[in-house]
Structure formats: C-alpha cells, structure tokens
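Next come the chains, spelled out residue by residue.
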Amino acid sequence: MDIFGDDRSGNCLKVRWAAQHLNLSYRWHEVLALTGATATPEFLSLNPLGQVPVVRFKDGRTLAQSNAIILYLAEGSPLIPADAFDRAKMYEWMFWEQYSHEPIIAVRRAKVHLLGQTEDAIDPNLLPRGEVILGQMDAHLHGRDWFVGKAFSLADLALLPYTRFSHQGGFEIGRFRDVLAWIARCEALLELPPL
Ligand SMILES: N[C@@H](CCC(=O)N[C@@H](CS)C(=O)NCC(=O)O)C(=O)O
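Definitions and cut-offs
Residues numbered from 1 in each chain as written. Predicted model: local features only at pLDDT ≥ 70, side-chain atom pairs only at ≥ 80, totals over all residues. Heavy atoms only, no water. Near = heavy atom within 4 Å. Polar contact = N/O pair within 3.5 Å; in protein donor to acceptor, adjacent residues only side chain to side chain. Areas by Shrake-Rupley, 256 points an atom, 1.4 Å probe, with all protein chains shown as cover. UniProt positions renumbered as here; feature names shortened; annotations may be inferred. Helix = DSSP H or I, 4+ residues; strand = E, 2+ residues; numbered from the N terminus. Domains from an automatic or database assignment. Contact = heavy atoms within 4.5 Å. Salt bridge = Lys/Arg side-chain N within 4 Å of Asp/Glu carboxyl O. Nonpolar A, V, L, I, M, F, W, Y, C, P; charged D, E, K, R; others polar. Axes fitted to C-alpha atoms, helices over the stretch in contact; angles between N-to-C directions. Left-handed = near helix turned anticlockwise from the far one by under 90°.

In the neighbourhood of the ligand, 13 residues make up the surrounding shell, with Thr38, Val52, Gln65, Ser66 and Gln98 lying closest. A distance of 2.8 Å separates a nitrogen atom of the ligand from a polar atom in the backbone of Val52. Measuring from a nitrogen atom of the ligand, one finds a side-chain N or O atom of Gln65 at 2.7 Å. Burial of the ligand by the surrounding chains reaches 79%, relative to a free accessible area of 510 Å².

Encoded structure:
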C-alpha cells in the first residue's frame, strides 16, 4: 500500500507505526501539510477533503482519517481487543483523542512548533486546557500500563504521537509521571527511535 503522510504529523505517524508494528509493507510518500501540497488536483484525487494521512491500497481504493485507517489495518490483530466491552472502551479513547485531545494538544503544538507563531497570536485557553487533558490521561494511567485492559491497543497508538510531541507545544509533560512512564512503554514496544 501507499501511505501519503507528513512525518511531523501525529495523525500520520499513527498510520506509519501501525503498519510497522503489524509488519505490513508500505511505501511512504511525504506530503508536507500546511504548504498547499494537500490542495493540488493530484492530491485531491486521493483525498478530496485535502488532508493527510491517506492510504491507497493495491486495488486503488483509498482511505483517509487516521483512526479509520488504523482500525482497518489492525482488523483481526491483537491491537483490537477481542472482548466487545474492551473494544468499546478502545473506541471511547479514540473518539476522545479526535474530539478533545488532538484539537488542543496537536493544534497548539502545530502553532508553536511548526508554524512558529508567537504566544500573543495563540488562543490562551489552549495551554491550560491541554494541561487538564494531560492530567486526565495521567489519572487514568495511574496503576495501569495501557489505556484499555492489559495490553497495548489502538487506544494507546492513537493517543501516543501528539502526547509524545506535547512538549513541543509548550506543555509541561514532565509533570505527568504516569503519562511519561506510559510513553516509555509505548516507545519500547514500538521500537521508536528517540525523539
Ligand atoms: N481527523 C483527521 C485529521 C487530519 C488532519 O488534520 N491532517 C492535517 C495534517 S495533521 C492536514 O492534512 N491538513 C491539511 C494541510 O494542512 O495541508 C485524521 O485523524 O486523519
């Protein structure tokens, strides 16, 4: 399959890491977001919504939305709990990631780190709201190794990339000891190179 993504984007890294972890062969096509590269006619023929990540399978079909992609790639694998309730809990965290975590943590990190915006140009609510989100993750992880059940799942994979980048958005990740320990566990399991 062909993965079109931006290596600086957590949404895109979810797809790369899922493919690597599942030993799926893929070709990576770097498409820099925020530069207009996702608005060309060629790119829009892959994803008319103009966003990375998008995957093109051997048969020509395409799929976008990071969490939809990783759910499809991981179908039938241990990354998706067999138990229906655990699976629903995994979805709970994945929906939360897209609606509550990513729009705060990833957005502030993009403004600070990728776009180089100054504090006066950034919504001042993003920093305290992100700290609350990291605190919620920390509380959940206290006494747990993984977000759902006793094994690494797509809930962990979906939450990892932007949480791991959160210091680049000015969030004090060092305050959240259980999150830090969880990041280290995920890094070891996924064999990620140091940031
Ligand atoms: N909910 C989508 C979000 C995708 C998204 O926002 N992609 C950004 C990069 S992270 C993008 O392609 N933006 C268009 C652009 O900036 O060119 C997902 O999870 O895949």
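Moving on, we come to the UniProt feature "domain: GST N-terminal" (unreviewed entry) in the chain. Residues annotated in UniProt with the feature "domain: GST N-terminal" (unreviewed entry) correspond here to residues 1–81. From the first C-alpha to the last, residues 1–81 spans 25 Å; its make-up is 32% helix and 17% strand.

Domain boundaries in the chain define domain 1 (2–73) and domain 2 (84–190). Once you take the C-alpha centre of each, domain 1 and domain 2 turn out to be 21 Å apart. Each partner contributes to the interface: domain 1 provides 15 residues, whereas domain 2 provides 19 residues. As a salt-bridge pair, Glu97 and Lys14 come within 2.9 Å of each other at their nearest N and O atoms. Where domain 1 meets domain 2, there are 7 residue pairs in polar contact (both at pLDDT 80 or more). Of all the elements in the fold, those that place two or more residues in the side of domain 1 that touches domain 2 are helix H1 (10–21) and helix H3 (66–73). The element that contributes the greatest number of residues to the side of domain 1 that touches domain 2 is H1, accounting for 7 residues. Classifying every residue of the side of domain 1 that touches domain 2 gives 6 nonpolar, 7 polar and 2 charged.

This part is about the packing of H3 against helix H6 (residues 154–164). Angle between the axes and distance between the axes: these two values describe a pair of packed helices. For the pair H3 and H6, the least separation of the axes is 11 Å and the interaxial angle reads 145 degrees. Both H3 and H6 take part in a crossing whose hand is right-handed. The segment H3 lies against H6, with Asn67, Ile70 and Leu71 engaging Leu154, Leu157 and Ala158. Taken together, the residues that form the contact of H3 with H6 break down as 5 nonpolar, 1 polar and no charged.

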